[in-house]
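Residues per chain are reported as follows:
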Amino acid sequence: FLGYSLQTTRALMRLLAAEPGTFVSVEVLDDVAVVTTSGTTTLEQTKSSASGNPLADRSPEIWKTIANWVRVVEAGSVQANQTTFEIFLSRKQHGRIAESFAAAKDETTAASALGAAKESLWGAAPQHPKRSRVGATLAPHLDAVFGAPPTVVSAIVARLDLTFGKGTSAADVASLLRSKLISEEAIPVVGNQMLGWTKTQIDTMLEQGQPAIVAADAFNSELLAFVRKYGRFTSLNCMAPVPVPTA
């Protein structure tokens, strides 16, 4: 459940960081996706690291994620050379293979990292003696990744990023609000308001059978209006006379 609830918070964070004209979606192209006016796309898989490590070498989660991205690219839903493939974890985790993929910044080094991962998990070619011992929950995802066209998988790995939160979503949102010069005392109120607004937008579209896509321009208009309203409210409170106790 935590992973799903994080999606709305991550959508909020993407909207706070978005450039004008950007669209942020939830469960359309991926857990969270960002499409900019220049045509670039970010696909994000949102993972909770509250229990277990999704980046572990033999974690089905990371291999399922890459397998899903392979399907998305092969279906033509996105162009790999215009897409960033991002795995977000709520707190820092490590994984040797995942980190080798994230370090590969071109398709040549990506192909090398994939080859090393394949040998580590399946054993040396051509026999791949370890393949038969791969667990049932992991095996189909490895089959999908290692069996896909190498150029497709290398293009994805070359554009794969790992990002990590601070461990609490409130801290992550607060950092972005500070970058928008929101006053420290207003951050909790503004954060809760905009998280609620984002959730309402997403829920309404889903209830109407529409894809959950939120325009950054609409979000920023709502944010500006609320900050102004909150500022007027706090100013009026500051100017209000202090009640005089009666005898």
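Please read these numbers as outputs of a predicted model, since none were measured by experiment. (Residues numbered from 1 in each chain as written. Predicted model: local features only at pLDDT ≥ 70, side-chain atom pairs only at ≥ 80, totals over all residues. Heavy atoms only, no water.)

### Regarding unusual backbone geometry
For the record, the criterion: Comment: elements are numbered from the N terminus, with helices defined as DSSP H or I runs of at least four residues and strands as E runs of at least two.
In this structure, proline 126 follows alanine 125 across a cis peptide bond, with omega equal to 0°. Among the structural elements, proline 126 can be located in the loop between helix 4 (107-122) and helix 5 (139-146). Even without a glycine there, the phi angle at histidine 128 is positive, about 50°. Tracing the backbone shows histidine 128 in the loop between helix 4 and helix 5.

### Observations regarding the pairing of strand 2 (residues 32-35)
Put simply, the test is: A pair of strands is labelled paired if DSSP reports no fewer than 2 bridges between them.
For strand 1 (residues 23-26) and strand 2, the ladder comprises 4 bridges, and the chain directions are antiparallel. Each residue of the ladder has a partner; that of serine 25, found in strand 2, is alanine 33. Counted between consecutive antiparallel strands, the loop separating strand 1 from strand 2 contains 5 residues, among which glutamate 27 sits at a positive phi close to 55°. Examined bridge by bridge, strand 2 and strand 3 (residues 41-47) share 4 bridges and lie antiparallel to one another. The residue bridging valine 32 from the neighbouring strand is glutamate 44, located in strand 3. Connecting the antiparallel pair strand 2 and strand 3 is a turn made up of 5 residues, with glycine 39 showing a positive phi of about 95°.

### Comments concerning a nonpolar patch on the surface
Let me state the cut-off plainly: Any residue with relative accessible area above 30% and no salt bridge may belong to a patch, with like charges joined within 9 Å and the nonpolar Val, Leu, Ile, Met, Phe, Trp and Tyr side chains within 5 Å. Methods summary: accessible areas were calculated by the Shrake-Rupley approach with a probe of 1.4 Å, and residue burial reflects only the protein chains presented. A side-chain nitrogen of Lys or Arg and a carboxyl oxygen of Asp or Glu constitute a salt bridge if their distance falls within 4 Å. Here's how the labels work: a residue is buried when its accessible area is under 20% of the maximum for its type, exposed when over 50%, partly exposed in between, all with a 1.4 Å probe on protein chains only.
Nonpolar side chains collect at one region of the surface, where Phe23, Val28, Val35 and Ile213 lie side by side and expose about 290 Å² of accessible area between them. Tracing the chain through its elements places valine 28 in the loop between strand 1 and strand 2. On the basis of relative accessible area, valine 28 is assigned to the partly exposed category, the value being 39%.

### Here's the deal with the packing of helix 3 (residues 96-103) against helix 4
Working note: a packed helix pair is described by the angle between its axes plus the distance between those axes. As a reminder of what qualifies: Axis geometry follows a simple rule: fit a line to the C-alpha atoms, using only the stretch in contact for helices, then measure angles between N-to-C directions, giving values from 0 to 180 degrees. Should an angle lie under 35 degrees it is considered roughly parallel, over 145 roughly antiparallel, and from 65 to 115 roughly perpendicular; all remaining angles are considered oblique. For any helix crossing, the convention is left-handed if the near helix is rotated counterclockwise from the far helix by under a right angle, and right-handed if that rotation is clockwise. Residues count as neighbours in contact if any of their non-hydrogen atoms are within 4.5 Å of one another. All amino acids are sorted into three groups, where Ala, Val, Leu, Ile, Met, Phe, Trp, Tyr, Cys and Pro are nonpolar, Asp, Glu, Lys and Arg are charged, and the leftover types, Gly among them, are polar.
For the pair helix 3 and helix 4, the least separation of the axes is 9 Å and the interaxial angle reads 165°. Of the possible angle classes, the one that applies to helix 3 and helix 4 is roughly antiparallel. As for the relative orientation of helix 3 and helix 4, their crossing is left-handed in sense. Touching Arg96, Ile97, Ser100 and Phe101 of helix 3 are Ala113, Leu114, Ala117, Ser120 and Leu121, all from helix 4. Residue composition of the contact of helix 3 with helix 4, by class: 6 nonpolar, 2 polar and 1 charged.

### Brief notes about the pairing of strand 6 (residues 212-215)
Residues Ala212 and Val214 of strand 6 are buried on one face, while the alternating residues Ile213 and Ala215, pointing to the opposite face, are not. Of the strand pairs in this sheet, strand 1 and strand 6 are connected by 4 bridges, and their pairing is antiparallel. What sits directly across from valine 24, in strand 6, is valine 214.

### As for the sheet that holds strand 1
Read from one edge to the other, the open sheet built from 6 strands follows the order 5-4-3-2-1-6, with strand pairing classed as mixed. Since the sheet does not close on itself, it has two edges, and those belong to strand 5 (160-164) and strand 6, each with one partner. Here the strands of the sheet are splayed against their neighbours by 20° on average, with no regard to which way each runs.

### Some remarks on the nonpolar core
For the record, the criterion: For our purposes a nonpolar core is just a set of buried Ala, Val, Leu, Ile, Met, Phe, Trp, Tyr and Cys residues, chained together by side-chain atoms within 4.5 Å.
Among the nonpolar cores identified, the biggest contains 41 residues, and Trp63, Ile66, Trp69, Phe101, Leu142 and Val145 are the most heavily contacted of them. Contributing elements (two or more residues each) for this core: helix 2 (60-74), strand 4 (83-89), helix 3, helix 4, helix 5, helix 6 (150-157) and strand 5. If you tally residues by element for this core, the top one is helix 2, at 8 residues. When near neighbours in sequence (up to four residues on either side) are disregarded, phenylalanine 101 contacts Trp63, Ile66, Ala113, Leu114, Ala117, Val157 and Leu160. Grouped together as the second largest cluster of nonpolar side chains are 28 residues, Ala11, Val24, Met194 and Trp197 included.

### Re the packing of aromatic side chains
Keep this limit in mind: The rule is short: rings of Phe, Tyr and Trp, with Trp giving its six-membered ring, pair when the centres are within 6.5 Å, and they are stacked under 30 degrees, edge-to-face over 60, tilted in between. Criterion for a charge above a ring: Arg CZ or Lys NZ at most 6 Å from the ring centre, at most 35 degrees from the ring normal.
Evaluation of the coordinates by the stated rule reveals 5 aromatic pairs. Consider the rings of tryptophan 63 and phenylalanine 101, whose centres lie 5.8 Å apart with planes at 85°: the pair is edge-to-face. With a gap of 38 residues between them, tryptophan 63 in helix 2 and phenylalanine 101 in helix 3 connect regions that are remote in the sequence. What makes tryptophan 63 buried here is its relative accessible area of 1%. Each ring, one from tryptophan 69 and one from phenylalanine 85, has its centre 5.3 Å from the other, and the planes form 55°; the classification is tilted. Pair noted here: tryptophan 69 is in helix 2 and phenylalanine 85 is in strand 4, with a separation of 16 residues, a long-range link. No difference in accessibility class separates tryptophan 69 from phenylalanine 85, as the two residues are buried. By way of ring pairs, the aromatic residues Trp63, Phe101, Trp122 and Phe146 are connected into one cluster. A cation over an aromatic ring shows up here: arginine 10 above the ring of phenylalanine 88, its NZ or CZ 3.8 Å from the ring centre. Note that arginine 131 overlies the ring of tryptophan 122, its terminal NZ or CZ placed 4.0 Å from the centroid.

Scope: geometric values only; no functional claims are made or implied.
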